[in-house]
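What follows is the residue order along each chain.
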Amino acid sequence: MTDRYAVIGHPVAHSKSPQIHAVFAGLTLQDMRYEAILAPLGGFADAVRAFIASGGRGMNVTVPFKLEAYALAATRSPRAEAAKSVNTLIFSPAGIHGDNTDGLGLVADLRRNLGCDLAGRRILLLGAGGAARGVLLPLLEEKPATLTLANRTAAKALVLRDEFAPRAGSCVFTAVGFAELAGQQFDLVINATSASLADEAPPLPPGVYAPDSLAYDMVYGRETPFMTAARAQGAARQADGLGMLVEQAAESFYLWRGVRPDTAPVLALLRPA
Ligand code: ATR
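Position labels on residues start from 1 in each chain and follow its written sequence. Under the rules for a predicted model, residues below a pLDDT of 70 receive no local features and side-chain atom pairs below 80 are neither given nor counted, while totals for whole chains, interfaces and linings still include all residues. Hydrogens and water molecules were not included; the side-chain quantities draw on all heavy atoms of the structure.

Colleague: For this particular structure, what's the right way to read the site of the ligand?
Modeller: We call a residue near a given molecule or strand whenever any one of its heavy atoms falls within 4 Å of it. Taken together, 14 residues lie around the ligand, and Asn151, Arg152, Thr153, Lys156 and Glu200 are the ones closest in. Note that an oxygen atom of the ligand is positioned 2.9 Å from one of the backbone N or O atoms of Ala128. Between N or O atoms, a polar contact is any pair within 3.5 Å; within protein, one atom must be a potential hydrogen donor and the other a potential acceptor, and residues adjacent in sequence are included only when both atoms are from side chains. The separation between an oxygen atom of the ligand and a polar side-chain atom of Lys156 is 2.7 Å. Surface exposure here means Shrake-Rupley accessible area, sampled with a 1.4 Å probe, where a residue is shielded only by the protein chains that are shown. The protein chains hide 72% of the 650 Å² of surface that the ligand would expose on its own. Of the residues assigned to the shell around the ligand, the class counts are four nonpolar, seven polar and three charged. Residues are grouped as follows: Ala, Val, Leu, Ile, Met, Phe, Trp, Tyr, Cys and Pro are nonpolar; Asp, Glu, Lys and Arg are charged; all remaining types, including Gly, are polar.

Here you go:
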């Protein structure tokens, strides 16, 4: 019988995940079907259980259900525990297992697709919400020289810093408000705020972009105000989060199927010429 998978969200119609996983399945010759499921707000757990009852093997979880997925999972991976959010569910007779492949997806996109090695670099991570939390541990594990967490509400960045400080190793890990970034330079600036969704850019002081720096927005599908501002402020390169989306999908696929799909064909397909 064909194995069933799905992405669950609200809204979900815009999701590229069904397309991505269909290509992965074709490339790796997996007998599986992947659909999009719109769950009503307040109806997440019921929708997951209904999918399991109908033979579902796994799910991707998107906005706004990643915290509910974390709570629903009976067991969780260490990276899901660190992120306190779950984007991948695996169903087995043993129960519901939760994982989070977002951070790995970001690091894989930076390294593989953008040729950006993080070891020894100066990283600025913008935001202190769920998106920033989800990528903090994988970024620290790449052993950057410094990781600066900046947020509009500096106190929230400080709380996150205190939580993750024991995992920082030799990385100089600090938390600040945006104004305190004046006079500092970074090799990589990652936008994990939701500012792009409101068509805004985080207010960065001039001079934060080092020569050869990369400005990366975790939002995908268009040039965001953050990317436009980064170009004007001297960032050598700008990238949106499409590669992260494809790489996190590949890791979810691997967790479900045990085979690692090649991501290049999917990226070429989704990237506007
Ligand atoms: P997500 O799950 O996408 O991270 P979230 O948990 O609501 O969403 O967090 C949103 C993040 O974007 C926060 O860091 C928020 O800053 P505050 O903590 O100060 O609210 C940040 N953010 C949202 N809009 C922003 C804007 N226009 N400029 C800068 N930061 C913004």
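Colleague: Would you explain the domain arrangement of the protein chain in this entry?
Modeller: Interfaces are often sized by the amount of accessible area the parts lose when they come together. The domain limits used here are those given by an automatic or database domain assignment. Segmentation of the protein chain into domains returns domain 1 (3–100 + 244–270) and domain 2 (103–240). Distance from the C-alpha centre of domain 1 to the C-alpha centre of domain 2: 26 Å. In this assembly, 13 residues from domain 1 lie in contact with 17 residues from domain 2. In total, domain 1 and domain 2 occlude about 1300 Å² of area from one another, counting both sides; carbon and sulfur atoms represent 59% of this. Two parts lose some accessible area (1.4 Å probe) when they are put together, and adding that loss for both gives the buried area. The three residues of domain 1 that bury the most area against domain 2 are Ala82, Met244 and Glu247, which together make up 48% of that side's buried surface. We note a salt bridge from Glu247 to Arg112, for which the minimum N-O separation is 2.7 Å. Only heavy atoms enter the contact rule, under which two residues are in contact if any of them lie within 4.5 Å. For this analysis, a salt bridge means a side-chain nitrogen from Lys or Arg found within 4 Å of a carboxyl oxygen belonging to Asp or Glu.

Colleague: Would you take a moment to explain the pattern of salt bridges for this structure?
Modeller: Two side chains bearing opposite charge may form a pair once their charged atoms approach each other closely. For the coordinates displayed, the defined rule picks out 20 salt bridges. Between Arg257 and Asp3 there is a salt bridge whose closest N-O contact spans 2.8 Å. Taken together, the residues span a long stretch of sequence, with Arg257 in helix α9 (residues 242–257) and Asp3 in strand β1 (residues 3–9) at a distance of 254 residues. A salt bridge links Glu251 to Arg260, with the nearest nitrogen and oxygen atoms 2.8 Å apart. Working definition: with a 1.4 Å probe on protein chains only, accessible area under 20% of the residue-type maximum means buried, over 50% means exposed, and in between means partly exposed. Glu251 gets classed as buried once you look at its relative accessible area, which sits at 7%. Through salt bridges with shared partners, a single network forms among Arg79, Asp99, Glu251 and Arg260. A run of DSSP states H or I qualifies as a helix once it reaches four residues; a run of E qualifies as a strand once it reaches two. Both are numbered from the N-terminal end.

Colleague: Is there a simple way to explain the layout of surface pockets in this structure?
Modeller: If you roll a probe as big as a water molecule over the atoms, it shows you where there is empty space left. For the second largest pocket, the calculated volume is near 180 Å³. For each structure, a 1 Å grid was placed over the protein atoms alone; sets of points admitting a 1.4 Å probe that cannot get out are labelled cavities, open sets with protein on both sides within 12 Å along at least five of seven lines are labelled pockets, and lining residues have an atom within 4 Å of a point. As for the second largest pocket, its lining consists of Arg79, Leu104, Val107, Ala108, Arg111, Arg112, Leu137, Pro138, Glu141 and Glu142. Of all elements in the fold, only α5 (102–113) and α6 (130–141) reach the threshold of two or more residues within the lining of the second largest pocket. At five residues, the largest contribution of residues to the lining of the second largest pocket is made by α5. Grid points are joined across faces, edges and corners, and a volume is the space filled by probe spheres set on the points.

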